[in-house]
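For reference, the chains in residue letters:
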Amino acid sequence: MSSGSSEKVLAPQLWEDLLNQSELRVASITVLDAPEEGNRASYRLFEVRRPATSS
């Protein structure tokens, strides 16, 4: 495991595209950043819905 900061994360739009492929719809994305200065941790909380299907 590398200790460098070159780790890649998927952009929110790419996540939304991937979720849409699974027939899920993104209702909102909340950004959660670490409160400590110097802590670069950042998370994305996706609220996702599956559309109702008619039978």
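The structure we're discussing is the one just above.
This section reports on the structure supplied with the text. Quick caveat: nothing in here was measured; it's all calculated off a predicted structure.

**Here we look at the packing of aromatic side chains**
Part 1 of the reasoning: The final tally for this structure, using the stated rule, is one aromatic pair.
Part 2 of the reasoning: With centroids separated by 6.4 Å and ring planes inclined at 55°, the aromatic side chains of Trp15 and Phe46 adopt a geometry described as tilted. Of this pair, Trp15 sits in helix α1 (residues 12-21) while Phe46 sits in strand β2 (residues 42-49), placing them 31 residues apart in sequence.
Part 3 of the reasoning: Judged by relative accessible area, Phe46 falls into the partly exposed class, the value being 22%.

**Overview of the environment of Phe46**
Part 1 of the reasoning: When the C-alpha atoms of Phe46 and Arg25 are compared, they prove to be 9.9 Å apart, with 21 residues separating the residues in sequence.
Part 2 of the reasoning: Here Phe46 is in contact with Pro12, Trp15, Leu19, Val26, Ser28 and Ile29, once residues within four sequence places are set aside.

**A short note on a nonpolar patch on the surface**
Part 1 of the reasoning: On the surface, a cluster of nonpolar side chains totalling about 340 Å² of accessible area is made up of Leu10, Leu14, Trp15 and Leu18.
Part 2 of the reasoning: For Trp15, a relative accessible area of 38% translates into the label partly exposed.

**Side note on unusual backbone geometry**
Part 1 of the reasoning: The residue Glu23 is not glycine, and still its phi comes out positive at about 65°.
Part 2 of the reasoning: Mapping Glu23 onto the fold places it in the loop between α1 and β1 (25-33).

**A word on the pattern of salt bridges**
Part 1 of the reasoning: Within the structure shown, the criterion is met by one salt bridge.
Part 2 of the reasoning: Where Glu47 meets Arg49, a salt bridge forms, and the shortest distance between an N and an O atom there is 2.5 Å.

**Some points on the environment of Leu24**
Part 1 of the reasoning: By the secondary structure assignment, Leu24 is in the loop between α1 and β1.
Part 2 of the reasoning: Classification of Leu24 by relative accessible area gives buried; the value is 17%.
Part 3 of the reasoning: Residues Leu24 and Arg50, spaced 26 residues apart in sequence, show a C-alpha to C-alpha distance of 4.7 Å.
Part 4 of the reasoning: Those residues in contact with Leu24 that lie beyond four places of it in its chain are Leu19, Val48, Arg49 and Arg50.

Conventions adopted
Residues numbered from 1 in each chain as written. Predicted model: local features only at pLDDT ≥ 70, side-chain atom pairs only at ≥ 80, totals over all residues. Heavy atoms only, no water. Phe/Tyr/Trp six-rings, centres within 6.5 Å; stacked < 30°, edge-to-face > 60°. Helix = DSSP H or I, 4+ residues; strand = E, 2+ residues; numbered from the N terminus. Buried < 20%, exposed > 50% of the residue type's maximum accessible area, 1.4 Å probe, protein only. Contact = heavy atoms within 4.5 Å. Patch = residues over 30% accessible without salt bridge, like charges linked within 9 Å, V, L, I, M, F, W, Y side chains within 5 Å. Areas by Shrake-Rupley, 256 points an atom, 1.4 Å probe, with all protein chains shown as cover. Salt bridge = Lys/Arg side-chain N within 4 Å of Asp/Glu carboxyl O.

From the geometry alone we can't say anything about function, so treat these as descriptive.
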